[in-house]
Amino acid sequence: MQNVTLNVQGMSCGHCVNAVEKNVGALAGVEQVKVNLAEGLVDVVFDDAQVSLNQIKETIDDQGYEVK
């Protein structure tokens, strides 16, 4: 399992948190997603044999947020 913390810009409310957690959490191989709205951070625990870091980043980008 891999654990990564991503700096994500553009999240401003509870809806943003729910969108990121729901969509990233739906990816095969993602075990846990936790958003820290105040810090603009997203912690993801995932199996890199099932999902790549780029897929996770693209999923966040697709929600309208920017991964730094």
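Residues numbered from 1 in each chain as written. Predicted model: local features only at pLDDT ≥ 70, side-chain atom pairs only at ≥ 80, totals over all residues. Heavy atoms only, no water.

### A word on the overall build of the protein
Thought 1: The helix and strand inventory of the protein stands at 2 helices and 4 strands.
Thought 2: Along the protein, helices (α) and strands (β) appear in the sequence β-α-β-β-α-β when read from the amino end.
Thought 3: Projecting the C-alpha coordinates of the protein onto the three principal axes gives extents of approximately 30 × 20 × 20 Å.
Thought 4: Put simply, the protein has 68 residues, and 35% of those count as buried.
Thought 5: Pairs at least 24 residues apart make up 59% of the contacts formed inside the protein by residues separated by at least 6 positions.
Thought 6: Total accessible area computed for the protein in this model is approximately 4,000 Å², and 40% of it derives from carbon and sulfur atoms.
Thought 7: The averaged location of the 10 negative side-chain charges in the protein is 5 Å from the averaged location of its 4 positive side-chain charges. (Helix = DSSP H or I, 4+ residues; strand = E, 2+ residues; numbered from the N terminus. Buried < 20%, exposed > 50% of the residue type's maximum accessible area, 1.4 Å probe, protein only. Contact = heavy atoms within 4.5 Å. Areas by Shrake-Rupley, 256 points an atom, 1.4 Å probe, with all protein chains shown as cover. Lys, Arg positive; Asp, Glu negative; His and termini not counted. Charge placed at Lys NZ, Arg CZ, Asp CG, Glu CD.)

### Describing the sheet that holds strand β1 (residues 2-9)
Thought 1: Strand order across the open sheet formed by 4 strands is β2-β3-β1-β4, with antiparallel pairing between neighbours. Looking at which strands have only one partner, the edges of the open sheet turn out to be β2 (30-36) and β4 (66-67).
Thought 2: Relative to strand β3 (residues 41-46), β1 runs antiparallel, the two being bridged by 6 bridges. Its bridge partner being in β3, Gln2 is matched across the sheet by Phe46.
Thought 3: Against the sheet, helix α1 (residues 14-25) touches β2 and β3, its axis set at about 165 degrees to β2. (Pairing = 2+ DSSP bridges. Axes fitted to C-alpha atoms, helices over the stretch in contact; angles between N-to-C directions.)

### Remarks on the UniProt feature "domain: HMA" (unreviewed entry) in the protein
Thought 1: The residues that UniProt annotates with the feature "domain: HMA" (unreviewed entry) are residues 2-68.
Thought 2: A distance of 19 Å separates the end C-alpha atoms of residues 2-68, which is 33% helix and 34% strand. (UniProt positions renumbered as here; feature names shortened; annotations may be inferred.)

### Details of the pairing of β2
Thought 1: Across 6 bridges, the pairing between β2 and β3 is antiparallel. When the bridges of β3 are listed, Val35 appears paired with Val42.
Thought 2: Counted along the chain from β2 to the antiparallel partner β3, the turn is 4 residues long, and its residue Gly40 has a positive phi close to 70 degrees.

### A word on the pattern of salt bridges
Thought 1: Overall, the coordinates contain 1 salt bridge when judged by the stated rule.
Thought 2: Notably, a salt bridge pairs Glu66 with Lys68, separated by 3.1 Å at the nearest N-O pair.
Thought 3: For Glu66, a relative accessible area of 41% translates into the label partly exposed. (Salt bridge = Lys/Arg side-chain N within 4 Å of Asp/Glu carboxyl O.)

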